[in-house]
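Secondary and tertiary structure notes
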Amino acid sequence: MKKHIFSLMLVAAAAMVACSDAPHLSLQEQEAYKFADNLIEKMTLREKIGQLQQFTTRTAAITGPDGVKRDTEACIRNGEVGSFLSIRKTEEMLRLQKIAVEESRLGIPLIFGYDIIHGCRTTFPENLAVSCTWDIEAIEHSARIAAIETAAAGIHWTFSPMCDISADPRWGRVSEGAGEDPYLGSKISAAMVRGYQGEDLSADNTIAACIKHFAAYGAGQAGRDYHTVDMSEMMFRDRFLPPYRSAVESGAVTAMSSFNDFMGIPASGSKWLLHTLLREELGFTGFVVSDYNAVHEMVRHATAADGKDAACQAMNAHLNMDMVYGDYLKYGEELVKEGKVSEKRINQLCREVLAVKYRLGLFDDPYKYGRQNHDEVMYRPDNLQFAREVAAKSMVLLSNNGVLPLKEGVKIALIGPLADAPRDQIGAWPGWGQAEHSVTIRKGLEQRFGAKNVIYAKGSDFRAPIKGGIDDAVRAARKADVVLLSIGLSYTESGEATSLTEITVPEAQQALLDAVKRTGKKVVVLLGTGRAMDVRNEIEKADAVLVTWHGGTMEGPAVADLVSGDKNPSGHLTMSFPYCVGQVPVHYNNKITGRPRKGPEHDKKYLSRYMYTPNEPLFAFGYGLSYTEFEYSDLQVLTPEVSLGGVVKVSVKVKNVGKRDGEDVAQLYVRDLVAETTRPMRELKGFERLSLKAGEEKVVEFEIPTSDLAYCHRDLTTYTDAGDFLVWAGADSDAKLEGKFTIK
Ligand code: GLC
């Protein structure tokens with residue numbers, strides 16, 4: 001019977017759209033809203049509020065402070081819940097869906113969400129690592145693979161992409177984002193939304209994306225998770241807003257409000273953020289879910305007297321769904337009866353949730369997700385091979401005195417807590433990734449060099465020595481030609497609630513480096529991490545340092561591909577590696593100040609500088625070495641003068657002057673010489689990943705629409721001025737080749 005009602009309503013909705021009066025909505029959106037409005041007419045107030053409530057279950061993955069447990073099945077039958085998160089079994093989701101569809105009064109399907117952040121079963125490197133590929137197509141494809149596996153798992157919705165810009169490696173969640181730059185971050189957010197949602201959200205292998213964490217969660221004071229975010233609206237609009245906007249423009253159908261207070265108001269209760277900016281200005285038309293318990297946490301923020309006040313503020317701020325705590329369900333009807341929240345508001349919040357369920361095709365076929373054969377979809381060899389390629393492209397060679405690539409037949413001592421660490425390599429937020437499927441660095445090297453040529457010793461734990469560990473490591477080193485030292489941070493030191501005040505390799509592991517160094521053998525440090533780190537010690541003592549990140553299921557073969565020279569390193573940093581934590585937050589796109597220090601030679605007293613430490617990070621945004629050399633020359637500004645609305649064209653020659661084929665990332669930076677507000681010294685406005693054979697030269701041509709040079713003015717409107725600009729091109733944000741153009 002219910003199925004029949006929905007079928008009739010589906011037809012009616014499609015028919016009614018033809019004369020719809022919402023031109024800013026796509027036809028699919030208009031059809032979805034028509035369907036939702038029809039359904040809402042049949043719903044009780046409690047059922048409508050039920051759609052605004054998301055719960056977890058007793059057997060779900062825990063991703064926050066214990067959610068208030070309740071009788072899951074009773075809630076579903078009573079229409080008191082619209083969504084669940086973090087359920088780890090397909091059959092459990094299908095079982096709960098069956099109860100919703102066949103045992104509740106109206107049979108409204110549930111929507112299941114999960115944190116598929118960098119892959120479902122096939123786990124890609126953590127997102128910061130993947131951003132270091134600068135390969136937008138590969139990033140989109142990795143999200144596509146994740147979506148296909150996720151849909152097969154029975155999950156409709158991923159809480160990704162994380163669009164939070166951050167330049168603070170004390171904050172462990174930098175591992176989930178795309179680094180410090182808004183231009184690159186915007187390209188990556190859009191690519192991930194396209195990958196997840198595909199061309200047709202109703203297809204059975206596309207899933208709903210989620211723009212998070214709205215907003216500016218990556219700017220928490222002192223790098224402490226959940227901490228206060230306070231900045232000018234100008235700074236927010238120029239540096240933090242672009243990736244969220246890009247994800248909206250790419251059609252993401254959900255968003256997530258962040259834990260932090262923003263300009264004095266918790267994001268989940270900020271009508272300016274969730275309605276005025278997100279919907280009225282950016283044109284978002286989907287629904288917003290709070291972060292975990294974030295509605296109720298307004299009481300802790302002390303901007304709500306109690307859960308009822310928090311629910312009232314959040315609903316009136318246009319927050320659609322309460323994740324886990326339950327204040328929406330508990331107080332929703334009371335708030336309407338007391339006139340504090342209108343039923344019209346409830347209808348609006350509910351229709352936006354129902355419309356996304358409709359667009360996913362859940363009313364048409366509530367069991368379409370999870371039906372696929374896991375053996376055919378999960379861990380497909382071609383996808384594992386692709387994950388291996390992405391992992392290799394993500395790794396960044398920071399230093400190399402020629403020790404890499406290793407020679408054939410070399411005997412390797414592989415040492416360190418990350419050398420054979422199947423769980424650590426799939427990082428934080430592993431989705432449905434399984435450590436038992438990880439191909440570790442040890443396994444990858446054995447496969448490539450032969451097990452007899454790899455002598456393994458763990459050597460130490462992450463933050464504590466192992467009894468006899470150093471001796472084992474030294475013994476292994478003495479038997480080998482070269483040491484590969486796989487050290488860094490564990491997966492428990494990446495992601496949510498993992499802020500650190502020290503960003504150096506832990507002492508127990510530094511002792512390992514010192515011990516193997518004393519054997520006189522060549523040492524290559526493989527740095528496993530989800531964040532930028534202070535690597536002065538490793539750079540000084542090792543013969544090479546390769547950042548291997550938390551490289552995902554196929555990290556091992558990827559490392560072997562690089563250290564053997566089968567592949568050439570090509571990753572470029574998307575987050576500055578500080579000289580020391582005292583510089584943090586450090587990023588390339590600083591403003592110049594009124595007393596700029598123009599480099600080490602310009603060290604007078606009254607300058608914006610530190611007394612005993614450089615201003616510059618140890619490794620700059622955009623930096624990354626290769627086994628070959630790329631030479632940049634002949635920067636040409638092809639359009640010295642451009643009218644507003646035109647396109648600036650700049651070309652540069654790139655030549656592979658080394659003896660090996662390789663890939664590089666040509667980057668273009670711009671500076672607005674005189675503006676109404678202070679502007680960054682440099683801003684990334686173009687990049688191209690290119691492959692060059694030994695000796696080959698290419699001319700890279702960048703096109704910058706003048707609209708890309710817009711910035712937030714004193715009246716808080718964003719547009720491009722006429723004026724003079726400098727432009728640089730090269731292989732990192734310190735690019736030296738310079739040109740100039742004018743916008744008329
Ligand atoms: C967590 C995270 C958020 C995640 C959500 C659901 O607290 O902040 O990124 O999507 O809860 O697990």
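Before reading further, recall that the structure is shown in the block above.
Throughout what follows, the structure given in this document is the object of discussion. (Residues numbered from 1 in each chain as written. Predicted model: local features only at pLDDT ≥ 70, side-chain atom pairs only at ≥ 80, totals over all residues. Heavy atoms only, no water.)

Let's shift gears to the overall build of the protein chain. Within the protein chain, the regular secondary structure consists of 21 helices and 26 strands. In terms of overall size, the protein chain behaves like a compact globule, its C-alpha atoms giving a radius of gyration of 26 Å where 744 residues would be expected to give roughly 27 Å. Across its three principal directions, the C-alpha atoms of the protein chain cover 75 × 65 × 45 Å. Here the protein chain holds 744 residues, and the buried ones make up 64% of them. For the protein chain, long-range pairs separated by at least 24 residues make up 79% of all intrachain contacts whose partners lie at least 6 apart in sequence. The positive charge centre, built from 87 side chains, and the negative charge centre, built from 99, are 3 Å apart in the protein chain. (Helix = DSSP H or I, 4+ residues; strand = E, 2+ residues; numbered from the N terminus. Rg over C-alpha atoms; globule rule 2.2 N^0.38 Å. Buried < 20%, exposed > 50% of the residue type's maximum accessible area, 1.4 Å probe, protein only. Contact = heavy atoms within 4.5 Å. Lys, Arg positive; Asp, Glu negative; His and termini not counted. Charge placed at Lys NZ, Arg CZ, Asp CG, Glu CD.)

It is worth spelling out helix 19 (residues 507–517) at this point. For an α-helix, the turn length of 3.6 residues means that residues three or four places apart are oriented alike. Looking only at helix 19, the buried set comprises Ala508, Gln509, Gln510, Leu512, Leu513, Ala515 and Val516. Close packing links the buried residues of helix 19 with strand 12 (412–415), helix 18 (469–479), strand 14 (482–488), strand 15 (522–528) and helix 20 (536–541).

A full pass over the atoms with the stated rule returns 45 salt bridges. With a closest N to O distance of 3.2 Å, aspartate 420 and arginine 442 form a salt bridge. Note that aspartate 420 is positioned in the loop between strand 12 and helix 17 (441–449) and arginine 442 in helix 17, a separation of 22 residues in sequence. Since its relative accessible area comes to 27%, arginine 442 is described here as partly exposed. (Salt bridge = Lys/Arg side-chain N within 4 Å of Asp/Glu carboxyl O.)

In terms of nonpolar packing, the biggest core is built from 185 residues, with Phe236, Leu398, Ile415, Leu485 and Phe577 touching the most fellow members. Ranked by residues supplied to this core, first place goes to helix 7 (residues 136–153) with 10 residues. Per-domain counts for this core show at least three residues from each of domain 1 (7–42) and domain 2 (629–743). Every residue in contact with phenylalanine 236, bar those within four places of it in the chain, is listed here: Ala215, Ala216, Met231, Leu241, Pro242, Phe262, Trp272, Leu273 and Leu277. (Core = buried A, V, L, I, M, F, W, Y, C linked by side-chain atoms within 4.5 Å. Domains from an automatic or database assignment.)

Now for the site of the ligand. With respect to spatial proximity, 14 residues lie near the ligand, and among them Thr63, Asp115, Arg173, His213 and Asp291 are the closest. Alone, the ligand offers 310 Å² of accessible surface; in the complex the protein occludes 100% of this. (Near = heavy atom within 4 Å. Areas by Shrake-Rupley, 256 points an atom, 1.4 Å probe, with all protein chains shown as cover.)

Quick look at unusual backbone geometry now. What is expected of a backbone is that most residues other than glycine have negative phi and most peptide bonds are trans. Here lysine 212 and histidine 213 are connected by a cis peptide whose omega angle stands at -10°. Mapped onto the secondary structure, histidine 213 falls in strand 5 (residues 210–214). The backbone of tryptophan 429 shows a phi angle near 50°, a positive value even though the residue is not glycine. Relative to the helices and strands, tryptophan 429 resides in the loop between strand 12 and helix 17. Since its relative accessible area comes to 16%, tryptophan 429 is described here as buried.

Right, let's get into the packing of helix 12 (residues 307–316) against helix 13 (residues 327–337). Between two packed helices, what matters for the description is the angle formed by their axes and the separation of those axes. Where helix 12 contacts helix 13, the two axes come as close as 9 Å, and the packing angle between them is 80°. The orientation of helix 12 with respect to helix 13, classified from their angle, is roughly perpendicular. Between helix 12, through Gly307, Lys308, Ala311, Cys312, Ala314 and Met315, and helix 13, the contact on the second element is made entirely by Asp327, Tyr328, Tyr331, Gly332, Glu334 and Leu335. Within the contact of helix 12 with helix 13, the residues separate by chemical class into seven nonpolar, two polar and three charged. (Axes fitted to C-alpha atoms, helices over the stretch in contact; angles between N-to-C directions. Parallel < 35°, antiparallel > 145°, perpendicular 65-115°, else oblique. Nonpolar A, V, L, I, M, F, W, Y, C, P; charged D, E, K, R; others polar.)

On to the sheet that holds strand 17 (residues 630–637), then. Spatially, the three strands line up as an open sheet ordered 17-19-22, and their pairing is antiparallel. For this open sheet the edge positions go to strand 17 and strand 22 (697–705), each flanked by a neighbour on one side alone. Pairs of neighbouring strands in the sheet enclose a mean axial angle of 25°, with direction left out of account. Looking at chain direction, strand 17 and strand 19 (residues 647–656) are connected through six bridges and run antiparallel. Bridge pairing in strand 19 links glutamine 636 to serine 651. (Pairing = 2+ DSSP bridges.)

What follows concerns helix 12. Extensive coverage of helix 12 is indicated by the burial of seven of its 10 residues. Structurally, helix 12 contributes buried residues whose contacts are with helix 11 (297–300), helix 13 and helix 14 (343–359). With a side-chain oxygen positioned 3.2 Å from the backbone nitrogen of lysine 308, the residue opening helix 12 is aspartate 306. (Polar contact = N/O pair within 3.5 Å; in protein donor to acceptor, adjacent residues only side chain to side chain.)

Along any regular strand the residues' side chains alternate between the sheet's two faces. Residue alternation in strand 3 (residues 111–114) divides its side chains into two sets, Ile111 and Gly113 and Phe112 and Tyr114, and both sets are buried. The sheet contact formed by strand 2 (residues 83–85) and strand 3 spans three bridges and is parallel. Among the inter-strand pairings, phenylalanine 84 is bridged to a residue of strand 3, identified as phenylalanine 112. In terms of handedness, the path from strand 2 via helix 5 (residues 90–103) over to strand 3 forms a crossover that is right-handed. Pairing between strand 3 and strand 4 (residues 157–158): two bridges, direction parallel. (Right-handed = clockwise from strand over helix to strand, strands pointing away.)

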